[in-house]
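Structure assessment
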Amino acid sequence: AVTNKRLSFLNLSPDEVIRSLFYNKNNDSLITVSVYASDHFSTLKCRTTPIEYIRRDQLDAGFPLFESESLKWPGFVEFDDVNGKVLTYSAQDGIYKVFDLKNYSFLYSIPDTNVQEIKISPGIMLLIYDRTPSYVPLKILSIEDGKPLKLFKHLLHRGKKIDFIEQFNEKLLVKQEDENLQILDVRSSELIEISIEKFMTPSAFIFLYENNLFLTFRNRTVAVWNFRGELVTSFEDHLLWHQDCSTNNIYITTDQDLIISYCKSDAAADDGTASSIGSINMSDIMTGKCIAKIAANDPALSIAPRKNGSPSIWSSIPEALEDVTALFYDEDRNEIYTGNSQGLVHVWSS
């Protein structure tokens, strides 16, 4: 039953700061990634706790993960839900390691010699090495066992910095400063170029694996592209609130047909200045149409009556739509959850 009552505090000690949470659907557990004041918040520590024990407020039933790894900055841990893998990087040892997300067993390691970055997509892992003046060395590994599938060099324009290299299945996207976007099929070696006038460097990508498309975010706007370099969708009413495209404020449904975001509101403040209150916009990814919106000036919105045991802090609708920092959509319950800079969580239900 849903009670809206707090189950437990996940922090096990007063000096623990939880940096991120990951729900592991493989074993119905919650992984916390934390730093601690005792080492100046410089080392990541991971811990997993089964959901059933969180419900009982028995957090000591959890256990630490990857204790053998030194995850001191710039080390990291990355959870790959698509392939069921965990990637860690120990800067101290100079080694990347891959673990199984089902049981956290170690699978294989990758020495970091000259590795600039690692990109993960379904079934494969792309290793991007330090560039030379005229090319960047690339290697594709099987995500399951780390065995090399392909090693190749991608030619570059000399003296131009690399804006990004992204991998999506067999497609490689490469963009250099003031140059066209290149889409390379690494299996067939077919190369497509999209002019810089048509495709400008975005601040972030989201790949839509179900639809074989990708989203780009630039200057608060969202666009959908295919891998022939064609613009599929631009959105009619989906101007993002955050300039830097915080994906904490964006949710894409499991079927990848809807995008829900915290957006700039049309409404102006009473003094005519831009409003500090945003709206939650739901748009169709294939058509770009806004199909639903939660806005402060919507007369149809109302606040549910308080029940026994309701929280003592209560927000008005405009207050709940101010400075939203996180957004999630529960597809089973058809409810949107938002969190704000005040540390409050609000539930929006039809």
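The coordinates are above.
Overview of the structure. Everything numeric in this text was worked out from a predicted model, so none of it was measured.

When you go through the chain residue by residue, the secondary structure sums to 2 helices and 27 strands. Over its C-alpha trace the chain gives a radius of gyration of 22 Å, about what one expects of a compact globule, namely 20 Å for 350 residues. Dimensions of the chain along its principal axes, counting C-alpha atoms only, are 65 × 50 × 35 Å. When the 350 residues of the chain are sorted by exposure, 43% land in the buried category. Sequence-distant contacts in the chain: of pairs separated by 6 or more residues, those separated by 24 or more amount to 35%. Per element, the accessible surface of the chain, about 19100 Å² overall, is 49% carbon and sulfur. Taken together, the 34 basic and 48 acidic charged side chains of the chain have centroids lying 3 Å from each other.

Before going further, it helps to spend a moment on the sheet that holds strand S18 (residues 213-218). Pairing within the open sheet is antiparallel, and its 4 strands lie in the order S17-S18-S19-S20. Here the strands that pair on one side only, and so sit at the sheet edges, are strand S17 (204-208) and strand S20 (231-234). This sheet shows a mean twist of 25 degrees between the axes of neighbouring strands, independent of strand direction. Across 6 bridges, the pairing between S18 and strand S19 (residues 221-226) is antiparallel. What sits directly across from phenylalanine 214, in S19, is tryptophan 225.

Moving on, we get to the sheet that holds strand S22 (residues 258-263). Taken together, the 4 strands give an open sheet; going across it, the order is S21-S22-S23-S24, and neighbouring strands pair in antiparallel fashion. The sheet is open, and its two borders are formed by strand S21 (250-252) and strand S24 (290-294), each paired with just one other strand. Taken over all neighbouring pairs, the strand axes of this sheet differ in orientation by 15 degrees on average, direction set aside. When S22 meets strand S23 (residues 279-284), the two strands line up antiparallel, connected through 6 bridges. Considered in S23, the bridge of tyrosine 262 is made with isoleucine 280.

Moving on, we come to the pattern of salt bridges. Pairs can form between side chains of opposite charge whenever their charged atoms are close. For the structure shown, the criterion picks out 14 salt bridges. Here glutamate 179 ties to lysine 160 by a salt bridge, and the two come within 2.6 Å at their closest N and O atoms. One end of the pair, glutamate 179, is in the loop between strand S14 (171-176) and strand S15 (181-185); the other, lysine 160, is in the loop between strand S12 (148-155) and strand S13 (162-168), with 19 residues separating them in the sequence. The buried category is assigned to glutamate 179, whose relative accessible area is 17%. One salt bridge connects lysine 161 with aspartate 163, and the closest N-O pair in it is separated by 3.1 Å.

Before going further, it helps to examine a negative patch on the surface. Where like charges cluster on the molecular surface, the negative patch consists of Glu210, Asp255, Asp257, Glu331 and Asp332. Mapped onto the elements, aspartate 257 comes out in the loop between S21 and S22.

Right, let's talk about empty space enclosed by the protein for a bit. In the structure shown here, the tally under the stated rule is 2 cavities of 30 Å³ or more. The calculated volume of the largest cavity comes to roughly 60 Å³. Considering the residues around the largest cavity, the lining is formed by Leu10, Leu12, Leu30, Thr32, Arg47, Thr49, Ile54 and Leu59. Residue classes in the lining of the largest cavity are distributed as 5 nonpolar, 2 polar and 1 charged.

Relative to strand S7 (residues 95-100), strand S6 (residues 85-90) runs antiparallel, the two sharing 6 bridges. Each bridged residue has a counterpart across the sheet, and for threonine 88 the counterpart in S7 is lysine 97. Between S6 and S7, which pair antiparallel and follow one another directly, the connecting turn spans 4 residues, one of which, glycine 94, has a positive phi of 70 degrees. Counted between consecutive antiparallel strands, the loop separating S7 from strand S8 (residues 106-111) contains 5 residues, among which tyrosine 104 sits at a positive phi close to 65 degrees.

Counting 15 residues, the largest nonpolar core has Ile31, Cys46, Phe66, Val77, Phe79, Val86 and Leu101 as its most contacted members. Elements represented by at least two residues in this core include exactly strand S2 (29-36) and strand S5 (76-80). No other element matches the 3 residues that S2 contributes to this core. When residues no more than four places from it in sequence are discounted, the contact partners of leucine 101 are Phe22, Asn24, Asn26, Asn27, Ile31, Phe79, Asp80, Asp81, Gly84, Lys85 and Val86.

Following the criterion strictly, the structure yields 22 aromatic pairs and no others. Between phenylalanine 66 and tyrosine 104 the ring centres are 6.3 Å apart and the planes differ by 80 degrees, which places this aromatic pair in the edge-to-face class. One end of the pair, phenylalanine 66, is in the loop between strand S4 (63-65) and S5; the other, tyrosine 104, is in the loop between S7 and S8, with 38 residues separating them in the sequence. The pair phenylalanine 66 / tyrosine 104 is uniform in exposure class, with both members buried. Seen from their ring centres, phenylalanine 168 and phenylalanine 207 are 5.0 Å apart, and the 40 degrees between their planes marks the pair as tilted. Of this pair, phenylalanine 168 sits in strand S13 while phenylalanine 207 sits in strand S17, placing them 39 residues apart in sequence. Like phenylalanine 168, the residue phenylalanine 207 is buried in the burial classification. Through a chain of ring-to-ring contacts, three or more aromatic side chains come together here, namely Phe164, Phe168, Phe205, Phe207, Tyr209, Phe214 and Phe227.

About the criteria used
- Residues numbered from 1 in each chain as written.
- Predicted model: local features only at pLDDT ≥ 70, side-chain atom pairs only at ≥ 80, totals over all residues.
- Heavy atoms only, no water.
- Helix = DSSP H or I, 4+ residues; strand = E, 2+ residues; numbered from the N terminus.
- Rg over C-alpha atoms; globule rule 2.2 N^0.38 Å.
- Buried < 20%, exposed > 50% of the residue type's maximum accessible area, 1.4 Å probe, protein only.
- Contact = heavy atoms within 4.5 Å.
- Areas by Shrake-Rupley, 256 points an atom, 1.4 Å probe, with all protein chains shown as cover.
- Lys, Arg positive; Asp, Glu negative; His and termini not counted.
- Charge placed at Lys NZ, Arg CZ, Asp CG, Glu CD.
- Pairing = 2+ DSSP bridges.
- Axes fitted to C-alpha atoms, helices over the stretch in contact; angles between N-to-C directions.
- Salt bridge = Lys/Arg side-chain N within 4 Å of Asp/Glu carboxyl O.
- Patch = residues over 30% accessible without salt bridge, like charges linked within 9 Å, V, L, I, M, F, W, Y side chains within 5 Å.
- 1 Å grid on protein atoms, 1.4 Å probe; cavity = no way out; pocket = protein on both sides within 12 Å on 5 of 7 lines; lining within 4 Å.
- Points joined across faces, edges and corners; volume = space filled by probe spheres on them.
- Nonpolar A, V, L, I, M, F, W, Y, C, P; charged D, E, K, R; others polar.
- Core = buried A, V, L, I, M, F, W, Y, C linked by side-chain atoms within 4.5 Å.
- Phe/Tyr/Trp six-rings, centres within 6.5 Å; stacked < 30°, edge-to-face > 60°.

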